[in-house]
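Structural overview
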Amino acid sequence: MKQVKYTLDEKQIPTEWYNIQADLPKPLPPVLHPGTKEPIGPQDLAPLFPMELIKQEVSTERYIEIPEEVRDIYRLWRPTTLYRARRLEKALDTPAKIYYKYEGTSPPGSHKPNTSVAQAYYNKKEGINRITTETGAGQWGSALAFAGACFGIEIKVYMVKISYQQKPYRRVMMETWGAKCIPSPSEETKAGRDMLAKDPDCTGSLGLAISEAVEEAAGREDTKYSLGSVLNHVLLHQTVVGLEAKKAMEEIGDYPDIIIGCVGGGSNFAGLFLPFVKDKIDGTKPDIKIISAEPFSCPTLTKGNFTYDFGDVSGNTPLLKMNTLGHGFIPPPIHAGGLRYHGMAPIISHLMDLGLVEAKAIHQLDIFKAGVQFAQHEGIIAAPETDHAIAAVVEEADKCKESGEAKTILFNLSGHGHFDMSAYEDYLAGKLQNYEYPQALIDDAMKEIPQL
Ligand SMILES: *Cc1c(COP(=O)(O)O)cnc(C)c1O
């Protein structure tokens with residue numbers, strides 16, 4: 001394309017999400033009950049989620065209609081713009097064409113409201129007026145807080161304590177949308193109290209905050225729970241990103257050779273690539289390379305085991321077959337770039353097992369270097385999470401420079417970094433160093449995972 005940016009018309013916001021479960025070469029392994037270790041049924045999940053989301057979790061319908069009320073809210077920021085990073089291409093002196101889908105223009109500043117709005121809608125429709133959740137850096141908490149405001153639902157967010165202390169403005173954002181936010185571990189749940197008794201200075205982890213949010217929702221009739229990544233229905237909702245990207249690329253007459261995204265639980269990456277991996281599975285585009293980028297300090301796909309594990313620290317969630325570092329994983333405090341979850345979306349783990357997706361780990365000094373380079377040429381200061389994707393893009397563009405191939409690279413610019421200036425400050429001040437999560441800790445953690 002000649003232009004620098006391309007945006008579909010508002011009428012072109014997708015009317016259906018794409019469900020990869022219809023096209024998987026091999027179906028997903030079943031989800032198991034944490035007690036009996038038998039496959040779970042819809043009733044097992046009913047205390048936590050509204051029935052419509054439970055149905056989506058296991059649906060094999062190829063397309064699932066996006067309710068008009070959800071599309072109406074999507075209109076506040078969708079369709080998002082597809083950019084061609086011409087200035088970065090020039091700076092890298094690469095023949096590669098680099099495109100990015102910019103999800104940072106949503107009200108909370110990331111891709112996350114694509115699912116929070118849908119989840120809030122289905123809860124409301126089933127009469128639920130109160131939802132608990134957890135948040136790490138605060139992006140998910142703020143996305144759900146925004147969605148709660150859209151539908152008049154009370155939102156309670158357990159925020160990983162270290163982020164609660166280091167990122168006060170994400171908390172204020174949640175409170176502005178009317179949500180309640182408390183640091184985890186807290187005294188409000190058994191999981192929190194147990195942890196504080198063991199370690200009063202515990203700075204928290206996503207796995208622990210999940211335990212707290214799940215415990216509260218399971219214990220109250222009027223409350224359900226919401227998760228911002230990992231689960232099938234979350235990835236489903238995120239496919240609006242890839243569907244729009246595919247349509248826009250079709251209109252400008254291009255198609256990606258390489259698709260890149262950063263991965264925490266996997267939702268933004270999956271949202272972008274799933275509508276394209278369909279073409280790889282059915283053989284129309286057998287050669288697309290689909291690459292995930294993760295931190296060396298939380299190397300779930302590159303070093304984790306593909307096995308059944310819990311989604312939380314206390315072992316109360318159903319068992320998912322996924323890549324995992326062990327549910328007791330506590331991220332090293334030195335790590336500044338987000339993407340700290342011990343597990344990975346079962347769909348992505350499964351596609352990697354089938355050889356349809358690749359993974360790469362990146363050091364934090366390299367992610368910030370790429371993020372700063374991107375900001376200086378393209379203007380947008382990306383979230384540190386997104387910087388992992390950018391670093392992987394730069395690497396692929398450099399390979400094109402060496403080989404002289406003009407490949408088309410597409411990546412998800414999952415969010416802006418305007419609340420992450422302290423991480424950039426630490427990088428610019430030379431305070432960060434690289435850290436590789438030790439194999440010995442993973443081996444130890446594997447001893448704690450449930451034996452089947
Ligand atoms: C939450 C978040 C991520 C990581 O979550 P995924 O589910 O892996 O997408 C990445 N980028 C941004 C901007 C986020 O807010």
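Located above this text is the structure these notes cover.
What counts, and at which threshold
- Residues numbered from 1 in each chain as written.
- Predicted model: local features only at pLDDT ≥ 70, side-chain atom pairs only at ≥ 80, totals over all residues.
- Heavy atoms only, no water.
- Phe/Tyr/Trp six-rings, centres within 6.5 Å; stacked < 30°, edge-to-face > 60°.
- Lys NZ or Arg CZ within 6 Å of the ring centre and 35° of its normal.
- 1 Å grid on protein atoms, 1.4 Å probe; cavity = no way out; pocket = protein on both sides within 12 Å on 5 of 7 lines; lining within 4 Å.
- Points joined across faces, edges and corners; volume = space filled by probe spheres on them.
- Helix = DSSP H or I, 4+ residues; strand = E, 2+ residues; numbered from the N terminus.
- Salt bridge = Lys/Arg side-chain N within 4 Å of Asp/Glu carboxyl O.
- Buried < 20%, exposed > 50% of the residue type's maximum accessible area, 1.4 Å probe, protein only.
- Contact = heavy atoms within 4.5 Å.
- Pairing = 2+ DSSP bridges.
- Axes fitted to C-alpha atoms, helices over the stretch in contact; angles between N-to-C directions.

**Notes on the packing of aromatic side chains**
Throughout the structure, instances matching the rule amount to 17 aromatic pairs. One aromatic cluster is present, formed by Y83, Y100, Y102, F374 and F411 through successive ring pairs. Stacked on the ring of Y99, the Lys or Arg R84 has its end atom at 5.7 Å from the ring centre. Above the plane of the ring of Y164 lies R171, whose end atom (NZ or CZ) is 5.5 Å from the centre.

**A look at the layout of surface pockets**
Taken as a whole, the second largest pocket encloses approximately 560 Å³ of empty space. In terms of lining, the second largest pocket is formed by 31 residues, of which the most central are V31, I40, L45, E57 and L320. Taken together, the elements giving at least two residues each to the lining of the second largest pocket come down to α1 (42-45), α2 (51-58), α10 (206-218), α11 (232-252) and β13 (319-324). With four residues, α2 is the largest single contributor of residues to the lining of the second largest pocket.

**Quick word on the pattern of salt bridges**
Tallying each qualifying case throughout the model produces 30 salt bridges. Between K156 and E216 there is a salt bridge whose closest N-O contact spans 2.9 Å. Residue K156 is located in strand β7 (residues 154-160), and its partner E216 is located in helix α10; the two are separated by 60 residues in the primary sequence. Of the two residues examined, K156 and E216, each falls in the buried class. Connected via shared salt-bridge partners are E10, E68, R71, D72 and R75.

**Section: the side chain of N232**
By secondary structure assignment, the location of N232 is in helix α11. With residues near it in sequence (within four places) discarded, N232 still touches Q21, L28, E57 and I347.

**Concerning the sheet that holds strand β8 (residues 180-184)**
Strand order in the open sheet made by the four strands is β8-β7-β6-β9, with parallel pairing throughout. Of all strands in the sheet, those bounded by a partner on one side alone are β8 and β9 (224-225). Two elements, β7 and β8, share five bridges in a ladder whose sense is parallel. Note that in β8 the partner of K156 across the bridge is K180. Contacts from helix α8 (residues 168-176) reach β6 (130-135), β7 and β8 within the one sheet, and its direction differs from that of β7 by about 170 degrees.

**Describing the sheet that holds strand β14 (residues 358-362)**
Read from one edge of the open sheet, seven strands run β1-β4-β5-β15-β10-β11-β14, paired in mixed fashion. Strands at the two margins of the open sheet, each flanked by one partner only, are β1 (5-6) and β14. Here strand β4 (residues 82-84) runs beside strand β5 (residues 97-102); their pairing, made up of three bridges, is antiparallel. Considered in β5, the bridge of R84 is made with Y99. Packing against the sheet, helix α16 (residues 384-403) makes contact with β5, β10 (258-262), β11 (289-295), β14 and β15 (408-413), and its axis sits at approximately 150 degrees to β10.

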